[in-house]
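One-letter residues, chain by chain:
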Amino acid sequence: MSIISLVNALPGAVAQGLIWGIMAIGVYITFRILDIADLSVDGSFCTGAAVCVMMMQAGCSVGVSMVCAFLAGMAAGLATGVFHVFFGIPAILAGILTQLGLYSVNLKIMGKSNQAINVDKYNLLVSLRYIKNVAWFRNTILIVAVIIVVIIAVLYWFFGTELGCSLRATGCNEQMARAEGINTGFCRILGLMVSNGLVAFSGCLLGQYQGFSDVNMGRGAIVIGLAAVIIGEAIFGKIFRNFWSTLLAVAFGAVIYYIVVQFVIWMGIDTDLLKLLSALVVAIFLGIPYWKSKISPKLARKGGA
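The sections below set out a description of the structure shown in this document. The shown structure was predicted, so the numbers you read here are calculated from the model rather than taken from an experiment. (Residues numbered from 1 in each chain as written. Predicted model: local features only at pLDDT ≥ 70, side-chain atom pairs only at ≥ 80, totals over all residues. Heavy atoms only, no water.)

Digging into the overall build of the protein
Here is step 1 of the chain: Counting its secondary structure elements, the protein contains 11 helices and 2 strands.
Here is step 2 of the chain: Each helix and strand of the protein, placed in order from N terminus to C terminus, yields the pattern α-α-α-α-β-α-α-α-α-β-α-α-α.
Here is step 3 of the chain: Over its C-alpha trace the protein gives a radius of gyration of 20 Å, about what one expects of a compact globule, namely 19 Å for 305 residues.
Here is step 4 of the chain: Expressed as a percentage of the 305 residues in the protein, the buried residues total 49%.
Here is step 5 of the chain: Contacts in the protein between residues at least 24 apart in sequence constitute 76% of all its contacts with a sequence separation of at least 6.
Here is step 6 of the chain: As displayed, the protein offers around 14,900 Å² of accessible surface, 68% of which is attributable to carbon and sulfur atoms.
Here is step 7 of the chain: Across the protein, the 19 positively charged side chains and the 11 negatively charged ones have centroids separated by 7 Å. (Helix = DSSP H or I, 4+ residues; strand = E, 2+ residues; numbered from the N terminus. Rg over C-alpha atoms; globule rule 2.2 N^0.38 Å. Buried < 20%, exposed > 50% of the residue type's maximum accessible area, 1.4 Å probe, protein only. Contact = heavy atoms within 4.5 Å. Areas by Shrake-Rupley, 256 points an atom, 1.4 Å probe, with all protein chains shown as cover. Lys, Arg positive; Asp, Glu negative; His and termini not counted. Charge placed at Lys NZ, Arg CZ, Asp CG, Glu CD.)

Some thoughts on the environment of Ile235
Here is step 1 of the chain: Secondary-structure assignment places Ile235 in helix 9 (residues 221-236).
Here is step 2 of the chain: It is 23 Å that separates the C-alpha atoms of Ile235 and Leu142, two residues lying 93 residues apart in sequence.

Let's talk about the pattern of salt bridges
Here is step 1 of the chain: Considering all chains together, one arrives at 4 salt bridges under this definition.
Here is step 2 of the chain: Here Arg178 ties to Glu174 by a salt bridge, and the two come within 3.0 Å at their closest N and O atoms. One end of the pair is Arg178 and the other is Glu174, both in helix 7 (residues 174-179) and 4 residues apart, which spans about a single turn.
Here is step 3 of the chain: For Arg178, a relative accessible area of 46% gives the class partly exposed.
Here is step 4 of the chain: Given the relative accessible area of 24%, Glu174 is considered partly exposed.
Here is step 5 of the chain: What emerges from the salt-bridge pattern is a single network uniting Glu174, Arg178 and Arg188. (Salt bridge = Lys/Arg side-chain N within 4 Å of Asp/Glu carboxyl O.)

Topic: the nonpolar core
Here is step 1 of the chain: Counting residues in hydrophobic clusters, the biggest one holds 79 residues, and the most contacted among them are Trp20, Leu155 and Leu205.
Here is step 2 of the chain: Considering every element that reaches this core, the biggest residue donor is helix 1 (residues 3-33), with 13 residues.
Here is step 3 of the chain: In contact with Leu155, not counting residues within four places along its chain, are Ile25, Ile29, Val194, Leu198, Phe243 and Leu247. (Core = buried A, V, L, I, M, F, W, Y, C linked by side-chain atoms within 4.5 Å.)

A short note on helix 1
Here is step 1 of the chain: Along helix 1, the sharpest change in direction is near 30° and occurs at Leu10; proline Pro11 comes one to four residues later.
Here is step 2 of the chain: The positive-phi residue at the C-terminal boundary of helix 1 is Asp35, with phi of around 60°. (Bend = angle between axes of the 7 residues up to and from the residue.)

Focus: the state of the cysteines
Here is step 1 of the chain: Counted according to the given criterion, the structure contains 0 disulfides.
Here is step 2 of the chain: As a non-bridged cysteine, Cys52 has Cys204 as the owner of its nearest cysteine sulfur, 4.5 Å distant.
Here is step 3 of the chain: A residue is classified by how much of its surface remains accessible, and Cys52, at 0% relative accessible area, is buried.
Here is step 4 of the chain: Free of any disulfide, Cys60 has its nearest cysteine sulfur in Cys68, 6.7 Å distant.
Here is step 5 of the chain: Since its relative accessible area comes to 29%, Cys60 is described here as partly exposed. (Disulfide = S-S within 2.5 Å.)

Looking at the packing of aromatic side chains
Two aromatic rings are characterised by how far apart their centres lie and by the angle between their planes.
Here is step 1 of the chain: Within the structure shown, the criterion is met by 11 aromatic pairs.
Here is step 2 of the chain: Seen from their ring centres, Phe236 and Phe240 are 5.5 Å apart, and the 10° between their planes marks the pair as stacked.
Here is step 3 of the chain: By relative accessible area, which is 22% here, Phe240 ends up partly exposed.
Here is step 4 of the chain: Of the aromatic side chains, those joined through ring pairs into one cluster are Trp20, Phe45, Tyr257 and Tyr258.
Here is step 5 of the chain: Its end group placed over the ring of Tyr130, Arg138 keeps NZ or CZ at 4.4 Å from the ring centre. (Phe/Tyr/Trp six-rings, centres within 6.5 Å; stacked < 30°, edge-to-face > 60°. Lys NZ or Arg CZ within 6 Å of the ring centre and 35° of its normal.)

Considering unusual backbone geometry
Here is step 1 of the chain: For Asp35, which is not glycine, the phi torsion reads 60° and is therefore positive.
Here is step 2 of the chain: A residue is classified by how much of its surface remains accessible, and Asp35, at 59% relative accessible area, is exposed.

In structure tokens:
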């Protein structure tokens, strides 16, 4: 493949990376703020796409379909929160249970394993066809970038409120937060709902972008989300230090991830290995802090000697 083919494919990779960046922001809320490994996102991502596609097929506007997709994702997060808080199930197992249940729910929503929509028949907000040869204000990259800015602004405001600070305190030190009179169970459920709502919203955008929803489209979403979070923090961590810029770094991490994926495809590497490479990248970046903590004391002792 020529370098020209790689350059031509980059706008699509950037657009897809921005869409997944919204999902990565949702993963960041549970993984970093609440300190929860929520595996239900693999199911709620598909739920968002399924709800959006089916509602548009039923004649609903794209705006209404996207709002309903977000609410469906929040409902999935609520289920995980109930399993975790009220049933006492560990968060990772609660997410697995929700993910398992959502597989059947998504099949029922779509009626079969996949459903398609045509950009010529439906007024989509984003689409692969809106990358090139369209008016600038309809370009998918611009639209998704604006959506990300709005989401970050809303989250920045929300986490500055009393409720948002309570949620952050719950993830930082749950026992201390409980001692201060914070309802930590409610905060955990709320965080899971917001996270999965954003994940489902990302899924509904991807469903429009690629023109279909599939019951397996969310498989491995948590790995992509974690990769975006880790890459964003590793590359921009020393530059972006406050909350809103960290969320922006996470979105950039997803873009970088998809550019790398596109580069791997251009290099001719077997695409069946992409998930394995993603898992290795996440494992390496997650292990860096641990090895730093192991190596730093030894270097300090040598320096002191």
